Amino acid sequence: MSSKSTITYTEDDLIAELRTLTRKRLRAWLREGLVRPRREAGAALYDEIDRARLELILTLSDDFDIGDDALSICFGYIDQFHSLRRDLTHLISVIDSQPETVRQAILKAWRGEA
């Protein structure tokens, strides 16, 4: 999975496109670490994943009245989930590359049969 996002947004682009996003809100969420754009020549650049994350933050904040403290907790769990998913996907790939006898031994151990 090496497909990289090709669309890049500036802070101004996002504020113009996301109706309830303000510079003040965006900067607060940057300080909280809820959004982590890449930096080029001192400018923050956002990709499609950052934009989707901001859309979710806005929905949770505006439509469900979830505060910044709770958002930090929610996104901490979301980030942990994605990290775990990435690790498990890699583990599955490694297991799949093993000989059949090794895969079967792992399956038996996982089921508690070994």
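Bear in mind the structure is a predicted one, so any value in this text is a computation, not a measurement.

Rules behind the numbers
Residues numbered from 1 in each chain as written. Predicted model: local features only at pLDDT ≥ 70, side-chain atom pairs only at ≥ 80, totals over all residues. Heavy atoms only, no water. Helix = DSSP H or I, 4+ residues; strand = E, 2+ residues; numbered from the N terminus. Buried < 20%, exposed > 50% of the residue type's maximum accessible area, 1.4 Å probe, protein only. Contact = heavy atoms within 4.5 Å. Core = buried A, V, L, I, M, F, W, Y, C linked by side-chain atoms within 4.5 Å.

Enquirer: Looking at this model, I keep getting lost on the side chain of serine 61. Mind explaining?
Expert: Residue position: serine 61 is located in helix α3 (residues 48-63). We classify serine 61 as buried; its relative accessible area is 13%. Setting aside residues no more than four positions away along its own chain, serine 61 makes contact with Arg25, Trp29, Ile66 and Leu71.

Enquirer: Just checking my understanding: could you explain the nonpolar core for this structure?
Expert: A general trend in soluble globular proteins is that nonpolar side chains are found buried together. In terms of nonpolar packing, the biggest core is built from 16 residues, with Leu21, Trp29, Leu54 and Ile57 touching the most fellow members. Elements supplying a minimum of two residues to this core: α2 (23-32), α3 and α4 (68-96). For this core, the element with the most residues is α3, which contributes four residues. Beyond its immediate chain neighbours, meaning those up to four positions away, leucine 21 contacts Leu14, Ile15, Leu26, Trp29, Leu54 and Leu58.

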